[in-house]
Amino acid sequence: MISKKEVEFFDENGYLFLDKFIKKPVIKSIKAEIASTKKRIKKSSKGFEVLYEEDNSLRLIRNPHHNIEFFQNFVLSPYLIDMAKSLLKSDVYVLNSKLNVKPAFQGGHFDWHQDYCYWADQFSQPKMISVSIFVDEIKPHNAPIMVIPKSHKRGLVKVPHR
């Protein structure tokens, strides 16, 4: 469970970073399942929605929780659901999931965006959160995400590539 102070930080800043929220044995299991999923897709991507880099390396797997029981159980795990409920102060459901599997410093990048821009035509209000789970050690030189504190208070920002 997350603390009241963490919820207040999220409300004010629009993000929350929880270091070691998911225990090492679970991270190890996630990494093993990612490796297994990548091997499965290499044999056949049938039934999966995947994106590839220009060099044909795997970049992203969309909604693995639809195909793989491990990921379905993980995204519905009480500690993730309870955290989301605490932050949104309402019931929640899983809209989608994805595995960004591209290696650091290789292939293309993901342009800056607000996650809500992908859903704005379907949902009138941005009452949603994105949960990112980093399974590799994060250091300043390989940080996979940047946040702009309090940007959630500015509404949907129009950017040229969206």
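Our subject is the structure that appears above.
Cut-off values and rules
- Residues numbered from 1 in each chain as written.
- Predicted model: local features only at pLDDT ≥ 70, side-chain atom pairs only at ≥ 80, totals over all residues.
- Heavy atoms only, no water.
- Phe/Tyr/Trp six-rings, centres within 6.5 Å; stacked < 30°, edge-to-face > 60°.
- Buried < 20%, exposed > 50% of the residue type's maximum accessible area, 1.4 Å probe, protein only.
- Pairing = 2+ DSSP bridges.
- Helix = DSSP H or I, 4+ residues; strand = E, 2+ residues; numbered from the N terminus.
- Axes fitted to C-alpha atoms, helices over the stretch in contact; angles between N-to-C directions.
- Contact = heavy atoms within 4.5 Å.
- Expected span 1.5 Å × (residues − 1).
- Arc of directions from axis to C-beta.

Quick notes on the packing of aromatic side chains
Logical step 1: Counted by the stated rule, this structure contains four aromatic pairs.
Logical step 2: A centroid spacing of 5.3 Å and a plane angle of 85 degrees characterise the contact between phenylalanine 9 and tyrosine 15, whose relative ring orientation is edge-to-face.
Logical step 3: Judged by its relative accessible area of 26%, tyrosine 15 falls in the partly exposed class.
Logical step 4: One aromatic cluster is present, formed by Phe21, Phe74 and Tyr79 through successive ring pairs.

A short note on the sheet that holds strand 1 (residues 49-52)
Logical step 1: As summarised here, the arrangement of the three strands in space is 1-2-3, forming an open sheet in which the pairing is antiparallel. Across the chains shown, the open sheet's two edge strands, defined by having one partner strand only, are strand 1 and strand 3 (98-100). Geometrically, the sheet is characterised by an average inter-axis angle of 15 degrees between neighbouring strands, direction not taken into account.
Logical step 2: Across three bridges, strand 2 (residues 58-62) lies against strand 3 in antiparallel orientation. Across the sheet, residue arginine 62 finds its bridge partner in strand 3, namely lysine 98.
Logical step 3: Its contacts with the sheet place helix 2 (residues 24-43) against strand 1, strand 2 and strand 3, and it is angled at close to 100 degrees to strand 2.

Examining the pairing of strand 2
Logical step 1: Taking burial as the measure, the five residues of strand 2 include four buried ones, the bulk of the element.
Logical step 2: Relative to strand 2, strand 1 runs antiparallel, the two being bridged by four bridges. Looking at strand 2, one finds that glutamate 49 is bridged to arginine 62.
Logical step 3: Taken together, strand 1 and the strand that follows it, strand 2, pair antiparallel across an intervening segment of five residues, in which asparagine 56 is found at a positive phi of about 75 degrees.

So, the environment of lysine 158
Logical step 1: With respect to the helices and strands, lysine 158 occurs in the segment after strand 3.
Logical step 2: Sequence-wise, lysine 158 and glutamine 114 are 44 residues apart; in three dimensions their C-alpha atoms are separated by 9.2 Å.

Here we look at helix 2
Logical step 1: When the terminal C-alpha atoms of helix 2 are compared, their 29 Å separation across 20 residues agrees well with the 28 Å that a helix rising 1.5 Å per residue should span.
Logical step 2: Among the residues of helix 2, Ile27, Ile30, Ile34, Thr37 and Ile41 are the ones counted as buried. Buried residues in helix 2, looked at end-on, bunch into an arc of 80 degrees, giving them a common side. Of the exposed residues in helix 2, the ones pointing more than 90 degrees away from its buried face are Lys24, Pro25, Lys28, Lys39, Lys42 and Lys43.
Logical step 3: On its buried face, helix 2 sits against strand 1, strand 2, helix 3 (69-75) and strand 3.

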